[in-house]
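These are the residues of each chain, in order.
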Amino acid sequence: AERLRQVGNGCYSAGDIEGALERYSECLARDPSNHIAYANRSACWQKLGRHEEAIDDAERCILIRPTFAKGYLRRGAAEWNLGRIADARASYEAGMAVVEPTDERLEREHRRLAHRSETSPRGAARAAMYR
């Protein structure tokens, strides 16, 4: 499984997002506890504009390893891309609350959203879950 993840990393680096997605999926079929593969596959979904799938994989990553910053970063980025600013902010805050030491990338993304308008109340349903 680890070898498949590494091959996926190579595909991603080379710009072969579909190939990376396939390798990460194969890795997860063999080892569904691989939080890094979920985070990486989430990045692939985002590159392909499939942000809901990116959120799903980011959440799986977080469930497996709650202290892994990339899970929160991936979820927040996907929420941002869907225009769910309050949700993205809540994701970064949730990560900052559990990742030790606090990840600089989480803090940077959280600051970036500090001056953005809130998501509409209908779109902010997820944000309430993380506050």
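Residues numbered from 1 in each chain as written. Predicted model: local features only at pLDDT ≥ 70, side-chain atom pairs only at ≥ 80, totals over all residues. Heavy atoms only, no water.

## Brief notes about the nonpolar core
Here is step 1 of the chain: Membership of the largest hydrophobic core is limited to eleven residues, which are I62, A69, Y72, L73, I85, A88, Y92, A94, V99, L106 and L113.
Here is step 2 of the chain: When sequence neighbours within four positions are dropped, the list of residues in contact with V99 reads T67, F68, A69, Y72 and L106.
Here is step 3 of the chain: Counting residues in each nonpolar core, the second largest holds ten residues, with A20, L21, W45 and A78 among its members. (Core = buried A, V, L, I, M, F, W, Y, C linked by side-chain atoms within 4.5 Å. Buried < 20%, exposed > 50% of the residue type's maximum accessible area, 1.4 Å probe, protein only. Contact = heavy atoms within 4.5 Å.)

## Some remarks on the side chain of R84
Here is step 1 of the chain: Residue placement: R84 occurs in the loop between helix 5 (69–81) and helix 6 (85–98).
Here is step 2 of the chain: Reaching out from R84, the side chain makes a polar contact with the side chain of D87 at a distance of 3.0 Å. (Helix = DSSP H or I, 4+ residues; strand = E, 2+ residues; numbered from the N terminus. Polar contact = N/O pair within 3.5 Å; in protein donor to acceptor, adjacent residues only side chain to side chain.)

## Topic: the pattern of salt bridges
Here is step 1 of the chain: This structure, assessed with the given rule, holds eleven salt bridges.
Here is step 2 of the chain: Between R5 and E2 there is a salt bridge whose closest N-O contact spans 2.4 Å. Taken together, the residues R5 and E2, both in helix 1 (residues 2–13) and three residues apart, mark about one turn of the helix.
Here is step 3 of the chain: A relative accessible area of 12% means that R5 is categorised as buried.
Here is step 4 of the chain: By relative accessible area, which is 37% here, E2 ends up partly exposed.
Here is step 5 of the chain: Its salt-bridge partner being R105, residue D103 comes within 2.7 Å of it at the nearest N-O pair.
Here is step 6 of the chain: The exposure class of D103 is buried, given its relative accessible area of 14%.
Here is step 7 of the chain: Taking relative accessible area as the criterion, R105 reaches 32% and is therefore assigned partly exposed.
Here is step 8 of the chain: Residues joined by salt bridges that share partners form a network here, namely E22, R23 and E26. (Salt bridge = Lys/Arg side-chain N within 4 Å of Asp/Glu carboxyl O.)

## Some details on the environment of A39
Here is step 1 of the chain: Structurally, the position occupied by A39 is in helix 3 (residues 35–47).
Here is step 2 of the chain: Spatially, the C-alpha atom of A39 lies 9.2 Å from that of Y72, the residues being 33 residues apart in sequence.
Here is step 3 of the chain: A39 has contacts with C61, F68, K70 and R74, leaving out every residue within four places of it along the chain.

## Remarks on the state of the cysteines
Here is step 1 of the chain: Scanning all chains against the criterion turns up zero disulfides.
Here is step 2 of the chain: In this structure C11 is a free cysteine whose sulfur lies 8.9 Å from that of C44, the closest cysteine sulfur available.
Here is step 3 of the chain: The exposure class of C11 is buried, given its relative accessible area of 15%. (Disulfide = S-S within 2.5 Å.)

Taken by themselves, the reported measurements are silent on function.
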